[in-house]
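What the coordinates show
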Amino acid sequence: MDTEAVRSFVRAAELGQLQHAADELGVTQQAVSKRIAALERKLDVRLFTRTTRGVELTLDGQAFLPHARNIITGVDRAITAIRPGSRALRIDVLGLRSAQAVILHEYWRSHPETDLDVVTLRVNDPRLAVAAVQAGDIDASFRTVTDPATLPRDTRMIHAFDSRLELLVGPRHPLASARTLTPPQLRRHRIWVPGIAPRSEWAEFYDQLATDFDLRIDAAGPNSGTEVLQDILADSADVATLVGARDRYIWPTNYDLRRIPIVNPTLAYPLSLILPRTNPHPGLQGIINHFGSLPPLPETAWLPSWATKPRRSDGDIEHTRR
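Description of the structure in this document.

1. Here's the deal with the overall build of the chain
Assigned secondary structure in the chain consists of nine helices and 12 strands. Whereas a compact globule of 322 residues would reach a radius of gyration of roughly 20 Å, the chain reaches 25 Å, over 25% beyond that. By its C-alpha atoms, the chain is 75 × 45 × 35 Å across when sized along the principal axes. Within the chain, the fraction of its 322 residues that count as buried is 44%. Across the chain, contacts joining residues at least 24 apart in sequence account for 75% of those joining residues at least 6 apart.

2. A word on the environment of Arg 127
Inspection of the secondary structure assignment puts Arg 127 in helix H6 (residues 126–135). Expressed as a C-alpha distance, the spacing of Arg 127 and Val 145, which sit 18 residues apart in the sequence, is 7.3 Å. Only 2.8 Å separates the side chain of Arg 127 from the side chain of Asp 125, close enough to count as a polar contact.

3. Remarks on the pattern of salt bridges
One pass over the structure, following the stated rule, counts 14 salt bridges. Beyond isolated ion pairs, a larger network of salt bridges with shared partners links Arg 11, Glu 14, Glu 24 and Arg 69.

4. Examining the side chain of Thr 114
Topologically, Thr 114 is positioned in the loop between helix H5 (99–110) and strand E4 (116–119). In contact with Thr 114, other than residues within four places in its own chain, are Tyr 107 and Trp 108.

5. Points about unusual backbone geometry
The omega angle of the peptide bond from Asn 264 to Pro 265 is 0°, so this bond is cis rather than trans. Its place among the elements puts Pro 265 in the loop between strand E10 (258–261) and strand E11 (266–276). In the Ramachandran plot, Asp 44 falls in the positive-phi region, its phi being about 60° despite a non-glycine side chain. Along the chain, the position of Asp 44 falls in the loop between helix H3 (29–43) and strand E1 (48–51).

6. Remarks on the packing of helix H1 (residues 3–15) against H3
Where H1 meets H3, the axes come as close as 8 Å, and the angle between the chain directions of the two elements is 110°. Judged by the angle between their axes, H1 and H3 are roughly perpendicular. Across from Glu 4, Ala 5, Val 6, Ser 8, Phe 9 and Ala 12 in H1, the residues of H3 making contact are Val 32, Arg 35, Ile 36 and Leu 39. Its residues placed into classes, the contact of H1 with H3 shows seven nonpolar, one polar and two charged.

7. Section: the layout of surface pockets
Within this model, the largest pocket holds a volume of roughly 1200 Å³. As for the largest pocket, its lining consists of 36 residues, of which Leu 94, Gly 95, Asn 223, Thr 226 and Tyr 249 are closest to the centre. Those elements that provide at least two residues to the lining of the largest pocket are H5, strand E6 (155–169), helix H7 (201–213), helix H8 (226–235), strand E9 (239–244) and E11. Ranked by residues supplied to the lining of the largest pocket, first place goes to E9 with four residues. Of the residues that constitute the lining of the largest pocket, the class distribution is 19 nonpolar, 13 polar and four charged.

8. Quick look at the packing of aromatic side chains
Two measures describe an aromatic ring pair: the distance that separates the ring centres and the angle between the ring planes. Following the criterion strictly, the structure yields nine aromatic pairs and no others. Ring geometry for Phe 205 versus Tyr 269: centroids 4.6 Å apart, planes at 50°, classification tilted. Separated by 64 residues along the polypeptide, Phe 205 in helix H7 and Tyr 269 in strand E11 bring together distant segments of the chain. For Phe 205, a relative accessible area of 0% translates into the label buried. The class for Tyr 269 is buried, based on a relative accessible area of 10%. Here the aromatic rings of Phe 213 and Trp 302 are separated by 5.7 Å at their centres, their planes lie at 75°, and the arrangement is edge-to-face. Of the two residues, Phe 213 sits in helix H7 while Trp 302 sits in strand E12 (residues 301–302), which places them 89 residues apart along the sequence. Every member of this aromatic cluster is reached through a ring pair, and the members are Phe 205, Tyr 206, Phe 213, Tyr 269 and Trp 302.

Criteria and thresholds
- Residues numbered from 1 in each chain as written.
- Predicted model: local features only at pLDDT ≥ 70, side-chain atom pairs only at ≥ 80, totals over all residues.
- Heavy atoms only, no water.
- Helix = DSSP H or I, 4+ residues; strand = E, 2+ residues; numbered from the N terminus.
- Rg over C-alpha atoms; globule rule 2.2 N^0.38 Å.
- Buried < 20%, exposed > 50% of the residue type's maximum accessible area, 1.4 Å probe, protein only.
- Contact = heavy atoms within 4.5 Å.
- Polar contact = N/O pair within 3.5 Å; in protein donor to acceptor, adjacent residues only side chain to side chain.
- Salt bridge = Lys/Arg side-chain N within 4 Å of Asp/Glu carboxyl O.
- Axes fitted to C-alpha atoms, helices over the stretch in contact; angles between N-to-C directions.
- Parallel < 35°, antiparallel > 145°, perpendicular 65-115°, else oblique.
- Nonpolar A, V, L, I, M, F, W, Y, C, P; charged D, E, K, R; others polar.
- 1 Å grid on protein atoms, 1.4 Å probe; cavity = no way out; pocket = protein on both sides within 12 Å on 5 of 7 lines; lining within 4 Å.
- Points joined across faces, edges and corners; volume = space filled by probe spheres on them.
- Phe/Tyr/Trp six-rings, centres within 6.5 Å; stacked < 30°, edge-to-face > 60°.

See below:
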């Protein structure tokens, strides 16, 4: 089956006009019409009916369309598997306000020639992000598989950077006037982190943090977004939360929220990058090199037991073609 004929069919179905499909594909309307006619002969069905407004799918065309889309997606993935530099570098971050997104934006500002696509997979289980890397849907993911032995052999995980934690509180909170805080000072205070998802890496992180420092981590309630959380903190005298020092948050001036660094030891969330073991996108190397320029943690820092440690080989990625 001619995949370009299938592609022409899909675009014509989505746009409703052969000319619009031809313009997008960079060919003539006659070429698109011939491709679709050849496809109809191959399938022995009519895919379109012509109308004064353009083209409309027949019942057979409607049945064929989702399968045709899958064919084109598969072809595109196959091409990018051997030519990963042929499209934008696509990296998954936990959130567009997260430290990972901030770091990527900083890198792009100093390397504006980088064709970068920052996305957020709406998944909590890191294994689903690994599967997306394997499928070629993304080139890398800022996720951590806390047991590296379970990683598929065609992927690898490297240390990216460590995100220092700060306490975020409203002006009425008893710790609001502190310039810095130590972990023992957080004991007995309610630290609200709503919506901690089971099986997620951050669920393991907060479990260890609470155990090691005897902290009261409250995960009650759904995660309704940072705006709702900030509303509650602004009016509360007993609720606090933890945020990354590089995380980007904005709130109304009258909220008077305070971000307070945690020291002695500094609490840090370790961030890893999952990528293909062979033939990664060529744009990844520059970003991995950029991680090495970020300030290191102080000597007195706490990380969970599963944190991946930076190694000399972490800055090298393999380009062997399968």
